[in-house]
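Observations on the model geometry
For reference, the chains in residue letters:
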Amino acid sequence: MPIAQLNFSVWKIDDASDAAAPFNDNLGRMNALAERSEGFIWRFKDENNTTGITVLGGPETILTLSVWQSAAHLEAFAFNTVHRKIYESKAEWFAKLQSHHLVMWNIEAGQLPTLDEAKVRLDHLNEHGNTDFAFDWAHLPEVNLWREKRVS
C-alpha cells in the first residue's frame, strides 16, 4: 500500500542569506533525486517551491508532501542517498520544533493527498501520538535505517 508523507521545517535564519545557500542550492537537486528514486510516485509542487505554505505556518515554513510505494522506499531515499547529508545539516538552517515535523499515513493506490489532509494528519499525530491514522517512523517495524541514521 502506498504511503503519503509530509515533512516540514521552519527557517531559523533568513532563507535568502548566504548561510542558507547550501540548502537552497541543493533543493532542486534533492527534489530531482527523489523523483528519480525507486518507489517515488508523486510530490506536491507549487510556484514558490513549497515555501510559505499558510496551512502549516507562514513564509518561514518549507515542506515536502509526497507519495511513495512504501515506507521502505521513502526510507531508502531519505537515509541512503546524498539527501542524508542535507538532512544531517538541518540544524544549521532550521529551528528545532516542539511538535512533530514528519507525519505519514497509508493511502489507496492512485490517491493523492492534499495539504489540508496532511495538516489534519499532522495535528492528529501531535495530539494522539502514533496511530494507524497518522504516524512517524517509530510506528513502522519494517524500517530501521531512520533509527541508525537519524539526526536529533
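Residues numbered from 1 in each chain as written. Predicted model: local features only at pLDDT ≥ 70, side-chain atom pairs only at ≥ 80, totals over all residues. Heavy atoms only, no water.

Moving on: the pairing of strand β1 (residues 3-10). Judged by how many residues are buried, β1 sits mostly within the fold: seven of eight residues are covered. Strand direction decides the pairing type here: β1 and strand β3 (residues 61-68), joined by eight bridges, are antiparallel. Residue pairing across strands places Leu6 opposite Leu65, the latter belonging to β3. As judged from the five bridges shared by β1 and strand β4 (residues 102-106), these two strands associate in the antiparallel manner. Looking across to β4, one finds that Gln5 is bridged to Met104. (Buried < 20%, exposed > 50% of the residue type's maximum accessible area, 1.4 Å probe, protein only. Helix = DSSP H or I, 4+ residues; strand = E, 2+ residues; numbered from the N terminus. Pairing = 2+ DSSP bridges.)

What follows deals with the side chain of Arg43. With respect to the helices and strands, Arg43 occurs in strand β2 (residues 40-43). Overall, the relative accessible area of 14% leaves Arg43 in the buried class. Polar side-chain contacts of Arg43 include one of 2.7 Å to the side chain of Glu35. The contacts of Arg43, once residues within four sequence positions are left out, are Asn31, Glu35, Leu65 and Ser66. (Polar contact = N/O pair within 3.5 Å; in protein donor to acceptor, adjacent residues only side chain to side chain. Contact = heavy atoms within 4.5 Å.)

Once that is clear, we can look at the sheet that holds β4. Strands belonging to one sheet form pairs held by backbone hydrogen bonds; the direction of such a pair is parallel or antiparallel. Read from one edge to the other, the open sheet built from four strands follows the order β2-β3-β1-β4, with strand pairing classed as antiparallel. The open sheet has two edge strands, β2 and β4, and neither has a second partner. Between one strand and the next, the sheet's axes are offset by a mean angle of 20 degrees, whatever the strand orientation. Its contacts with the sheet put helix α2 (residues 71-80) on β1, β3 and β4, and the angle it makes with β3 is roughly 135 degrees. Running at roughly 110 degrees to β4, helix α4 (residues 115-128) makes contact with β1, β3 and β4 of the sheet. (Axes fitted to C-alpha atoms, helices over the stretch in contact; angles between N-to-C directions.)

Spatial relationships are all this shows, so hold off on functional conclusions.
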